[in-house]
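Coordinates in review
One letter stands for each residue in the lines below.
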Amino acid sequence: MPGIEPLPPDQARRCCDADQFDFETTAELEPLQHSIGQERALEALHFGIGIQHRGFNMYLLGPSGTGKHTTACLYLAKRVAAAPVPDDWCYVHNFDKPNRPRALRLPAGRAIRLRQGMERFVRELRAAIPAAFSSDNYRARREAIEAEFKGQQDAALKALRARAEEKGIALVRTPAGLALAPVRDGEVLSQEEFAALESEERSRLEAELEALQGELEGILGQLPKWVADKQAKLRKLHREISRYAVGHQMDLLFKRYEDLPAVIGYLKSVQEDILENAEKFLPSGEGEETESEESDTPSGTAAFPGGYFRRYNVNVLVDHGGSEGAPVVYEDNPTHNDLLGRIEHLAHMGALLTDFNLIRPGALHRSNGGYLLLDAHKVLTQPYAWESLKRALRAGEIRIQSLAESVSVISTVTIDPEPIPLKVKIILVGERHLYYLLDALDPDFAELFKVPVDFADRLERTPDNAHLYARMVGTLVRNDKLRPFDRAAVSRVVEHAARLAEDAEKLSTHVASLADLVREADFWAGEAGRGVVTRADVVRAVEASIRRADRARERVHEQIHRGTVLIETRGARVGQVNGLSVLSLGKYAFGQPSRITARVRLGKGEVVDIEREVALGGPTHSKGVLILAGFLGGRFAGEHPLALSASLVFEQSYGGVDGDSASSAELYALLSALAEVPVRQALAVTGSINQHGQVQAIGGVNEKIEGFFDICRAGGLTGEQGVLIPASNVKHLMLREDVVEAIEAGRFRVLPVEHVDQGIELLTGVAAGERGADGAFPEGSINGRAEARLRRLAERARQFAAPSETKAGDGSG
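Attention here is on the structure that accompanies the text. Predicted model, so just to flag it, every value in this text is computed and none were measured. (Residues numbered from 1 in each chain as written. Predicted model: local features only at pLDDT ≥ 70, side-chain atom pairs only at ≥ 80, totals over all residues. Heavy atoms only, no water.)

Things to note about the pairing of strand β16 (residues 425–430)
Most of β16 sits out of view: six of its six residues are buried. Here β16 shows two buried faces, one formed by Lys-425, Ile-427 and Val-429 and the other by Ile-426, Leu-428 and Gly-430. In this sheet, β16 lies alongside strand β1 (residues 58–61) in parallel orientation, the contact comprising four bridges. Across the sheet, Leu-60 pairs through a bridge with Val-429, a residue of β16. (Buried < 20%, exposed > 50% of the residue type's maximum accessible area, 1.4 Å probe, protein only. Helix = DSSP H or I, 4+ residues; strand = E, 2+ residues; numbered from the N terminus. Pairing = 2+ DSSP bridges.)

Right, dumping it as C-alpha cells:
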C-alpha cells in the first residue's frame with residue numbers, strides 16, 4: 001500500500017532484554033530504600049517536613065496505589081528519629097473551676113510517674129489521715145475545744161437559771177427547746193394555776209418572764225457564733241493534724257516536680273483541698289458534716305468508682321515515655337471524636353455523669369509535636385471532621401467538644417477542658433481531583449495546606465530505571481518472604497509495567513498493581529513446584545488475572561462470532577467502517593469493534609450525529625463529529641455550498657458513546673459514501689482528527705488492536721486484517737505476545753497513519769488525490785469523486801431552488 005508499511009514486531013512491543021541485568025535472581029540485589037520515579041515528590045516531602053511555619057501542611061496527591069502512604073512513612077522514619085520527643089499531656093481536676101479541667105504539660109515519660117505518684121500519695125493519705133485523727137493528741141485537743149464550747153454554753157444558761165430561780169421562775173427543756181415558766185413550791189404552774197394568782201403577782205411574774213425571755217433569746221442568739229467559733233477551731237485543728245499527716249508526702253512531690261511550675265501549682269491546690277476536706281479521708285460516720293460530695297463537680301462523684309478521691313487522679317492523655325523521636329500517627333477512621341478526642345459519660349439513675357477522668361485523646365493529641373497522616377476522602381466524608389480539623393489548625397490548639405454540644409442535639413451538664421496547644425504537621429493523602437476541588441472550593445485549604453506533594457504515575461523507561469525496577473521487585477519479594485525472581489521474570493515484570501503505563505517508553509509507578517503481580521507469580525511458581533519465579537510464572541499470573549475478569553469480553557465477542565452483533569472482517573462495503581472502542585469494567589479494559597455507517601443525500605450541509613440526536617453521544621464525541629464536518633466544509637465547499645445531508649451512527653449501540661477516537665473512522669465512512677467507493681472490512685480504524693485532516697493520538701490503543709485481533713483470529717486470520725492507528729500512538733504500543741507473533745508471521749498488521757488521505761487510501765485501495773495547479777482533484781481519486789458528487793448535489797439543490805425564486809419574482813411584479 002503506497003507510502004505506509006505495516007509496523008515491524010519490535011515496534012508493536014518493546015521487549016525488555018533480560019541480558020541487561022547482571023544478576024541471576026533478585027536475592028542478590030540490595031533492597032530499595034525509596035520509591036522510584038518520585039524525585040519531585042521526595043523534594044516536596046523534604047521541604048514540607050523541614051519548614052516549621054504555620055500552614056505548611058502537606059497534601060500527597062496522585063493515583064491510589066503509587067505508594068504515597070508508604071513513601072511518606074519511610075521518609076518520616078528517617079527524619080523523626082533525630083527529632084525531639086514531644087511532651088506528655090494530662091488532665092487534672094480544677095479545684096477553682098471544677099467544670100474546667102486543667103491541662104498539664106510534662107516532659108516525656110513524667111506524666112505516668114505523676115499519675116503513679118498521686119495514686120500512691122492518696123493511698124497513703126487514706127491511711128495516714130485517719131491514723132492522725134485517731135491519735136490521743138487530736139482527741140485531747142478536740143475534746144478541749146468541745147468542752148470549751150459546752151462550758152461557754154452551760155455557764156450562760158446556769159447564770160440565767162440562777163437569776164430565774166430567785167424570781168420564782170424555772171428554765172425548763174421542752175420538745176420545742178428551752179423555755180421559762182413560773183413555779184411554786186418547786187412545781188411549774190399550769191395555765192389555770194397561773195390565772196388564779198393575784199393580779200399583782202401575775203403582773204410581776206409576767207414582767208419577770210418577759211425580761212428573762214429577752215436574756216434567753218440573747219443567749220440563744222450567741223449560740224451560732226459559738227458554734228462557728230467551735231467549727232473554726234476544729235477546722236484549724238484539722239488543718240494542723242492534716243498538715244502533719246500530709247506534709248512529708250507533699251514535700252516529696254514538691255521536690256520531685258520543682259522544675260515544673262504548673263505541676264507545683266496543681267500540687268499546692270491538691271494540698272489546700274486536702275487540708276480543707278481532711279474529714280473526707282475519715283471512715284464513714286466520723287468527722288464533721290460538710291457539704292455534699294457531689295457539690296463540687298458538674299455531675300457529682302458518688303456514682304463513679306473511687307468516689308470522692310477521683311478528683312486527685314491524673315488522666316494521662318498522651319504518654320511519650322520510651323518513645324524515640326517525634327510521633328508519626330496514621331488515623332484510619334478520622335471521625336470528629338477520633339481526631340479531637342471525646343468526653344465520655346456514665347449513665348446513672350437516668351442522668352449522664354462525667355468528669356475529667358473520662359476525657360479521651362484523639363489523633364491530634366497523639367501526634368502533637370509530630371506528624372499526622374490522614375486519608376483525605378475519609379476526612380471529608382466524616383461529619384464535621386474536616387471543619388473541626390481546620391478549626392484546630394487555625395487556632396493552634398485542640399479543644400475537646402462533643403458533637404452533641406456543637407450541634408445542640410441534647411442539653412446536658414458537661415465539662416469544658418482547657419485547650420491544649422497544637423503543633424503538628426498534617427499530611428493528607430488523596431487523589432488529585434480532591435486536591436484541585438479543595439483548592440478551588442475551600443478558601444481555607446490553600447492557607448492550611450501549602451505544600452502539594454505530587455506523585456508521578458510513570459517514569460522514563462531507561463536501563464537505569466529497569467535496574468531500579470529489579471531492585472523494587474527484590475524488595476517486594478524480601479518484604480513478603482516470596483520466592484526470588486530470575487532475571488527473565490524481572491524483564492517480564494518490566495514489560496508489564498510499560499503496558500500499565502500505556503507507553504513503551506515509560507514504566508508505571510503503580511506499586512500496588514506490581515506487588516499483586518509479584519505475589520501472584522510467586523503463587524504460580526509454587527503451584528509448578530519451582531523454587532525460583534520464572535518468566536512463565538509471570539506470564540501465567542498476567543493471563544490468570546485477565547481470565548478472572550474477562551467474562552464480559554467473552555460475552556461481547558461471542559455475540560460477534562454468532563452474528564448477533566454484525567461485524568465483518570472480509571470483503572468491502574460502501575460507507576461502512578469498523579471502528580474501535582474500549583470498554584472499562586473496574587480495573588479491566590478490553591477493546592471491541594463497532595460498525596460505523598454513513599449515508600449521504602441532498603440536503604443543506606448538515607452532518608447528523610444520530611448518537612447525539614438520541615442523547616447517547618457524549619460531548620467529546622459530538623465535538624469530533626463537528627470537527628469532521630468542518631474538515632469536509634474546508635476541503636470541498638470552498639467555492640460552492642455543501643449541499644448534502646449526511647447521517648453517522650454506531651450500529652447496534654445501545655449505550656452511551658463518548659470520546660473522539662472514532663472521528664477518523666466516521667470521516668472514512670462519510671468519504672466512502674460520498675465517493676461511492678467500498679471500504680475493506682478486513683481493516684479497523686481508530687484515531688481522532690482535526691479540521692486539517694491530521695490523525696491524532698487516542699487512548700487505549702493496545703486494547704483496541706487486541707480486541708479486533710481476537711475477532712479476526714476467531715474467524716481465521718488471512719494476512720489482510722489489521723488496524724489503522726495514529727502514527728503518534730506507535731510509541732504507546734505494548735501489544736500481547738500472541739498479537740506480536742501474528743504480526744511477525746505476516747498474518748496481522750498494524751498500520752500507522754498521519755493524515756486521513758493516507759487512511760482512506762489504505763482502506764479503499766484508491767488514491768486520495770491532491771489538488772493540481774488547476775485547483776481540481778485527479779479524476780477517479782477519492783477526493784475527486786467526493787467533490788464531483790458534492791458538485792452534483794449542489795447543482796441539484798440550485799435547480800430545486802430556481803422555481804421558487806422565479807415564483808417569488810413574478811409575485812413581486
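Observations regarding the packing of helix α17 (residues 487–501) against helix α18 (residues 511–527)
In the contact formed by α17 and α18, the axes pass within 11 Å of each other and the chain directions differ by 145°. Handedness of the α17/α18 crossing: right-handed. Residues Val-493, His-496, Ala-497 and Leu-500 of α17 form the contact with α18, whose participating residues are Ser-513, Leu-514 and Leu-517. Split by residue class, the contact of α17 with α18 holds five nonpolar, two polar and no charged. (Axes fitted to C-alpha atoms, helices over the stretch in contact; angles between N-to-C directions. Left-handed = near helix turned anticlockwise from the far one by under 90°. Contact = heavy atoms within 4.5 Å. Nonpolar A, V, L, I, M, F, W, Y, C, P; charged D, E, K, R; others polar.)

What to know about the packing of α17 against helix α19 (residues 535–549)
The relative placement of two packed helices is expressed as an angle between their axes plus a distance between the axes. Running from N to C, α17 and α19 cross one another at 30°; their axes reach a closest spacing of 7 Å. When α17 is examined against α19, the residues Ala-488, Ala-489, Ser-491, Arg-492, Val-493, Glu-495 and His-496 are found in contact with a partner set consisting of Arg-535, Val-538, Val-539 and Val-542. Considered class by class, the residues forming the contact of α17 with α19 number six nonpolar, two polar and three charged.

Some words on unusual backbone geometry
With phi around 70°, Tyr-384 is a residue other than glycine that occupies positive phi space. Among the secondary structure elements, Tyr-384 is positioned in the loop between α11 (376–381) and α12 (385–395). Backbone geometry at Lys-481 places phi at a positive 55°, although glycine is not the residue there.

Quick notes on the side chain of Asn-57
Take Asn-57: it is sitting in the loop between α2 (39–50) and β1. Residue classification places Asn-57 among the buried positions, given a relative accessible area of 5%. For Asn-57, the side chain forms a polar contact with the main-chain nitrogen of Ile-426, separated by 2.9 Å. Beyond its immediate sequence surroundings of up to four residues, Asn-57 is in contact with Leu-393, Val-424, Lys-425, Ile-426, Leu-448, Phe-449, Lys-450 and Val-451. (Polar contact = N/O pair within 3.5 Å; in protein donor to acceptor, adjacent residues only side chain to side chain.)

Regarding α18
The end-to-end C-alpha distance of α18, which contains 17 residues, comes to 24 Å, matching closely the 24 Å that a straight helix rising 1.5 Å per residue would cover. Among the residues of α18, those classed as buried are Leu-514, Ala-515, Leu-517, Val-518, Ala-521, Asp-522, Trp-524 and Ala-525. Looking at the packing, one finds that the buried side of α18 touches α16 (463–479), α17, β19 (506–508) and α19. Positive phi shows up at Gly-529, right after α18, with a value of about 75°. (Expected span 1.5 Å × (residues − 1).)

Regarding the environment of Pro-101
When you line up the elements, Pro-101 lands in the loop between β2 (88–92) and β3 (102–106). Relative accessible area serves as the criterion here: at 1%, Pro-101 is assigned to the buried category. Residues Pro-101 and Asp-355, 254 residues apart in the sequence, show an inter-C-alpha distance of 8.3 Å. If we ignore the near neighbours within four places in the chain, the residues touching Pro-101 are Tyr-91, Val-92, Asn-94, Phe-356, Ile-359, Ile-415, Asp-416, Pro-417 and Glu-418.

Just geometry here; none of it tells us what the structure is for.
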